[in-house]
Each structure stands twice: as structure tokens, then as C-alpha cells.
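Here is what each chain is made of, one letter per residue.
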Amino acid sequence: MSTSSTNPPENNQPRDAAYWAQQTSVFKVSRLPTGVLDLNVAGRQGLSPLQGFGQMWQKVFRVPLKGIEVSPTEVIGTWKENFPKFWPKGHRFYTPLTGIAPGEVAILRLAPGGMPLSTGVMVLYADDESFTLMTPQGHVFAGWITFSAYQEDDCTLAQASMLIRANDPIYEIAMRLGGHKAENDFWIHTLTSLALHYHVDTQVESDITCLDQKVQWSEAKNIWQNAGLRTMLYTLTAPLRWLRKKR
Amino acid sequence: IILNFSGLDYMNSSGIGLIITLLIRVNRQKQHLLAFGLSEHYRHIFEITRLDDAIKIYLSEDEALAAA
């Protein structure tokens, strides 16, 4: 994938040096937007699909931005600036105060099936034509989601591509019982919203493949980090925290 | 299968995606994926992406071949 370099690397550094997160895979949350709580994020390990429990899926969603002249760089710039705006209602993405940049951590408030789930993502990679988010322990998925834009036959396409496994047995069951459809609908909505931002009303194309049908029983222990359960526990214990504050 | 990363000076996140899909195919064949020649920068990428959990990294081709 070609990219224009806005931050030329120092001598002897690879050309991609400035685009990768520099810290370790442990999530660090620096400054939070006002009123946003860090729950299930700080101190969690980042995950590749290799550390997940469920079947491995590769899902690619793309939308051709036909009839308009916009470069891949402009599309990604717009997407980074407006990332939460294109999400379906009910799910919140709190953009890091310094924007979508390598190493930054964003807080997520999701509502899969109506259940509140507090987690986050880290920006693993970001250049002018793509950015990749990495999930932490406890998230629904172990893996990466890459948002990119590219030119094909004089048309710019925007794409969301994920390589994921459900993180633990509870999530894997949920995915098989409708979660995959909900996930697919989520990204179709997101790409449709992005296209409508450019006044392009078109169908999102999808390409979904199960790369590995086997589950990884060695990762069933991930259940201890399940952000959905932890969020529910946090919510249920809110009265206790309120009482403690009153004393 | 041994991957030679010597001289690599550019890899974006699609590159690590390709490595994962290669790893899945290799594991399906009950084989192993090894790597050598990674610079400090790419070793860091393997660590942060947790690829080093599944792909053993060696300093030289000889070491990788000896371990294969």
C-alpha cells in the first residue's frame, strides 16, 4: 500500500517508523475526555487474533465513492476526524484527545444486544491512507480492524477490514447466535454513513471468510477478562460505591 | 517455513495481516513459521502485535535452519 509521508523518518529508520505505535502492547490511558470512565482498558494487554478463543474470521467491507473526486488521503483524513460520527446510535467511541494517532487509546461504550460494554482500542498503526485499531483483553474480539482508502479504476474506495476471533467462549456463543450479523450490520452502517458524508448513496460490498474453524480452548481463560461481565458487575455495584461516598 | 526479514524497510498493518493468514495456513499443514533478520524496529512490531507469541524469531538464517 503506498502512502504519502507527512512525518519523514529519521536517517536509518525504516520508512514506516513513524506510523507504528511505539509503546508496549499494554494499554495506557493518558488523558480522558471529561465524564468518561476508564473501565477495562488501562493495564490490559493488546491482542492479535492469535490470542482469541473463537473461530478466526476475515471480514472486509468496502464502499466505492462513485461520482466524486476525492483522494484516499482525504477520505482517511475525514474518517479520522469524524470516526465516532459514522457509528450506529447506541455505541460510543471517545476519540483520544490527540486524535487517531499511533499509540493512542480510545475508550468505547458499546451496547451489543442492548447490554452495556465498556472497553477500548489502541491505534496500532496510522498513516495517511489507513489506520488500524487493536483490541485489548476483555473486548468482544481479539484482533485488528484496518480502515483504509485506495484508488481503483478512477474511483476511490473506502474499506474496513478485520481479522478477529471472539475473545472467550461467552462472546463466541453470542457471535454464533446473531452477533456476527450484528457486527456485519455495524460496519455496513458505518461505511454507508461515510459514503453519505460525501453524498454518495450506494451499496456496501462485503467479503467474509472463516479462516480457521477451530476454537482455541487454551484461550478459554480469557473469560476472566470479559468486559461485558465486568461492566455489568460495575453497574450492579454502583449503589455500593454511592453509599461509600456518602460516608 | 522460514521468513527472511533482512533488508525490510517498510511494512504497514496489512503486512502483519498477511503474516497471520500465512500462519493459519502453515498451522493447518501442521508446520511452523520461523523468522530471522528482523531489525529492532520490526522486532518491536512483532512484540506489540503479539506475533512473537506464535512465530519464533532468530538472529540469523543458520540459527533458524538449525531450529527448524
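Every value quoted in this text rests on a predicted model; they were computed, and no experiment measured them. (Residues numbered from 1 in each chain as written. Chains lettered and ligands numbered in written order. Predicted model: local features only at pLDDT ≥ 70, side-chain atom pairs only at ≥ 80, totals over all residues. Heavy atoms only, no water.)

### What about the overall build of chain A?
- Scanning chain A from terminus to terminus reveals four helices and nine strands.
- Each helix and strand of chain A, ordered N terminal to C terminal, gives the series β-β-α-β-β-β-β-β-β-α-β-α-α.
- Taking 2.2 N^0.38 as the reference for a compact globule, 247 residues should give roughly 18 Å; the C-alpha atoms of chain A span a radius of gyration of 19 Å, in line with that estimate.
- Projected onto its principal axes, the C-alpha positions of chain A cover 60 × 40 × 35 Å.
- Of all 247 residues assigned to chain A, the portion counted as buried reaches 51%.
- Taking contacts inside chain A between residues at least 6 apart in sequence as the whole, the part at least 24 apart equals 68%. (Helix = DSSP H or I, 4+ residues; strand = E, 2+ residues; numbered from the N terminus. Rg over C-alpha atoms; globule rule 2.2 N^0.38 Å. Buried < 20%, exposed > 50% of the residue type's maximum accessible area, 1.4 Å probe, protein only. Contact = heavy atoms within 4.5 Å.)

### As for unusual backbone geometry
- Despite not being glycine, N40(A) shows a phi value in the positive range, around 70°.
- In this fold, N40(A) is placed in the segment before β1 (46-47).

### Things to note about the interface of chain A and chain B
- Facing 33 residues of chain A, the contacting portion of chain B comprises 24 residues.
- Taking both partners together, chain A and chain B bury about 2,300 Å²; carbon and sulfur atoms supply 63% of that area.
- Applying the counting criterion to the chain A and chain B interface returns one salt bridge.
- The closest approach of N and O atoms between D9(B) and R15(A), which form a salt bridge, is 3.3 Å.
- Linking chain A with chain B are 14 residue pairs in polar contact (both at pLDDT 80 or more), by the criterion used here. (Buried area = accessible area lost by both parts, 1.4 Å probe. Salt bridge = Lys/Arg side-chain N within 4 Å of Asp/Glu carboxyl O. Polar contact = N/O pair within 3.5 Å; in protein donor to acceptor, adjacent residues only side chain to side chain.)

### Examining the side chain of R165(A)
Residues and elements named next belong to chain A.
- Along the chain, R165 turns up in strand β8 (residues 155-166).
- Classification of R165 by relative accessible area gives buried; the value is 1%.
- Looking at R165, its side chain comes within polar contact range of the main-chain oxygen of P49, at 3.0 Å.

### What to know about the pattern of salt bridges
Residues and elements named next belong to chain A.
- Applying the stated criterion across every chain, the model contains six salt bridges over all chains.
- Salt-bridge contacts for R176 lead to E172; the nearest nitrogen and oxygen are separated by 2.8 Å. Residue R176 and its partner E172 are both found in helix α2 (residues 169-197); the two are separated by four residues, about one turn of the helix.
- Looking at R176, the relative accessible area reads 49%, which means it is partly exposed.
- For E172, a relative accessible area of 3% corresponds to the buried category.

### As for the packing of helix α3 (residues 227-236) of chain A against helix α4 (residues 238-246) of chain A
Residue and element names in this part refer to chain A.
- At a minimum axis separation of 4 Å, α3 and α4 run at an interaxial angle of 45°. As judged from the angle between their axes, α3 and α4 are oblique. Residues Y234, T235 and L236 of α3 lie in contact with α4, whose contacting residues are A238, P239 and R241.
- Taken together, the residues that form the contact of α3 with α4 break down as four nonpolar, one polar and one charged. (Axes fitted to C-alpha atoms, helices over the stretch in contact; angles between N-to-C directions. Parallel < 35°, antiparallel > 145°, perpendicular 65-115°, else oblique. Nonpolar A, V, L, I, M, F, W, Y, C, P; charged D, E, K, R; others polar.)

### Notes on the side chain of H44(B)
- Within the secondary structure layout, H44(B) lies in helix α2 (residues 40-48).
- Looking at H44(B), its side chain comes within polar contact range of the main-chain oxygen of A21(A), at 3.0 Å.
- For H44(B), the contacting residues outside a window of four places in its chain are A21(A), Q22(A) and Q23(A).

### Overview of the confidence of the model for chain B
- Per-residue confidence for chain B averages 92 on the pLDDT scale, and 100% of its residues sit at or above 70.
- Model confidence for the complex is summarised by a pTM of 0.91, with the ipTM given as 0.90. (pLDDT = per-residue confidence, 0-100.)

### With respect to a negative patch on the surface
All names here are of chain A.
- A contiguous patch of negative charge on the surface is contributed by E152, D153, D154 and E205.
- Positionally, D153 belongs in the loop between β7 (141-152) and β8.
- Given a relative accessible area of 73%, D153 falls into the exposed group. (Patch = residues over 30% accessible without salt bridge, like charges linked within 9 Å, V, L, I, M, F, W, Y side chains within 5 Å. Areas by Shrake-Rupley, 256 points an atom, 1.4 Å probe, with all protein chains shown as cover. Lys, Arg positive; Asp, Glu negative; His and termini not counted. Charge placed at Lys NZ, Arg CZ, Asp CG, Glu CD.)

### Here's the deal with the packing of aromatic side chains
- Here the structure, examined in full by the defined rule, presents 16 aromatic pairs over all chains.
- A centroid spacing of 5.5 Å and a plane angle of 80° characterise the contact between F5(B) and F46(B), whose relative ring orientation is edge-to-face. Taken together, the residues F5(B) in the loop between β1 (2-4) and α1 (13-28) and F46(B) in helix α2 connect sequence positions 41 residues apart. Each member of the pair, F5(B) as well as F46(B), carries the same accessibility label: buried.
- When the ring centre of Y234(A) is taken as origin, the NZ or CZ atom of R241(A), which lies over that ring, is 3.5 Å away. (Phe/Tyr/Trp six-rings, centres within 6.5 Å; stacked < 30°, edge-to-face > 60°. Lys NZ or Arg CZ within 6 Å of the ring centre and 35° of its normal.)

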